[in-house]
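Coordinate inspection notes
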Amino acid sequence: MASAPVLLPGRSWPNLVMHVLAHVSATAHLPASLYDSVYIGYAEQHLGLSGQRPLGEDAAVLGQVLPTHELLSQVQLLAWLFDDVAQAAACAQDDLARLAPDQVARPQLLGALIPLGAPVELLRCAALLEHEPQVRLPELAVQRPPLSKALTEVVRAAPRLAACGLMSVPALRLRGRVFGDEIWVGTSAAELALEADHVAWQAGHEATVREVSKAAPSPRHERQVEQVAVVLLAERAAEAGLRDGHAKWLSHFGEAAPETDRAGLDDEALALLIACHRRPA
């Protein structure tokens, strides 16, 4: 039986950047959006209204300078650039273009972030300004036994998940992100109205996205990879007898839930789907 992925300790900089992006309401219509009213309500209980802090204005401006899915998804790489806030704060006075590789955790990302210019620098500043309030949020402990149980089940439909590291980022809530073999997901907690089963399936989806992206014979548009991954996970879930759990995960997205029928794929996407099915687990 495949094992559950390794649960990684949290890191302060990703938590902070995603906390800021969860407040950017103007991006709510974009696939890459992290706007989340439930998370905002949780934060307001402990920190007060964001409009009474610089975050309110910063979130409004970010909504204006991040008008597209592509740009919004690219600036989120900033959350991976540093590991902790102290590392980010140490070079706060310098633009990203002036940073040396040893000043960041993942210097390979600088090449993608520097061309983004003002929007990514604004996000960086907004995060640093919000740090003092954000650290007052109570820590949401990961419910390890139910999460591990749910992950062990989902691995049956998402076998590549077992080889990934999994980190909890509360502000992601229903969503997830993947970079390399590290996956970020929300934190299952009553305060966020989030169950371990959803977190596990979201992790399975991110692992499947990573698998499809690596299996593609040539670079593909991120949205096409996502579409193939959705269909692949749905079909594997059905084969593993996990159709109901997968359907419950999808239901959280309401009318925005992606299509799981392979009939909606074009010929190239269908060929990629079949190739992924044939690859050994």
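Residues numbered from 1 in each chain as written. Predicted model: local features only at pLDDT ≥ 70, side-chain atom pairs only at ≥ 80, totals over all residues. Heavy atoms only, no water.

The next subject is the packing of aromatic side chains. Applying the stated criterion across every chain yields a total of five aromatic pairs. Seen in terms of ring centroids, Trp80 and Phe179 are 5.3 Å apart; in terms of plane orientation they differ by 40°. Their pairing is tilted. Pair noted here: Trp80 is in helix α5 (residues 78–81) and Phe179 is in strand β3 (residues 176–179), with a separation of 99 residues, a long-range link. The partly exposed category is assigned to Phe179, whose relative accessible area is 26%. Judged by centre distance (5.8 Å) and plane angle (85°), the rings of Trp249 and Phe253 are edge-to-face. Classification of Trp249 as buried rests on a relative accessible area of 4%. Taken together through their ring pairs, the aromatic side chains of Trp80, Phe179 and Trp184 make up a single cluster. (Phe/Tyr/Trp six-rings, centres within 6.5 Å; stacked < 30°, edge-to-face > 60°. Helix = DSSP H or I, 4+ residues; strand = E, 2+ residues; numbered from the N terminus. Buried < 20%, exposed > 50% of the residue type's maximum accessible area, 1.4 Å probe, protein only.)

Here the focus is the nonpolar core. Within the largest apolar cluster, 78 residues are counted, with the highest numbers of intra-cluster contacts made by Trp13, Met18, Leu81, Leu113 and Leu161. Beyond its immediate sequence surroundings of up to four residues, Leu113 is in contact with Gln74, Val75, Leu77, Leu78, Leu81, Leu96 and Val120. (Core = buried A, V, L, I, M, F, W, Y, C linked by side-chain atoms within 4.5 Å. Contact = heavy atoms within 4.5 Å.)

In the Ramachandran plot, Arg173 falls in the positive-phi region, its phi being about 45° despite a non-glycine side chain. Following the sequence through the fold, Arg173 ends up in the loop between β2 (165–168) and β3. At Ala193, a position not held by glycine, the phi torsion is positive, near 50°. Accessibility expressed as a relative area gives 54% for Ala193, which makes it exposed.

A regular strand carries its side chains on alternate faces of the sheet. Here strand β4 (residues 182–185) shows a buried face lined by Glu182 and Trp184 and a second buried face lined by Ile183 and Val185. In the sheet, β2 pairs with β4 via four bridges, with the strands oriented parallel. Pairing of Leu166 across the sheet is with Ile183, part of β4. Pairing of β3 with β4 involves four bridges; the strand directions are antiparallel. The partner of Gly176 across the bridge, within β4, is Val185. Here β3 hands over to β4 after two residues, with Gly180 in that stretch at a positive phi of 65°. (Pairing = 2+ DSSP bridges.)

As a further point, take the environment of Ala100. Note on placement: Ala100 falls in the loop between α6 (85–89) and α7 (110–113). Among the residues examined, Ala100 registers a relative accessible area of 29% and is labelled partly exposed. Separated by 10 residues in the primary sequence, Ala100 and Leu110 place their C-alpha atoms 9.5 Å from one another.

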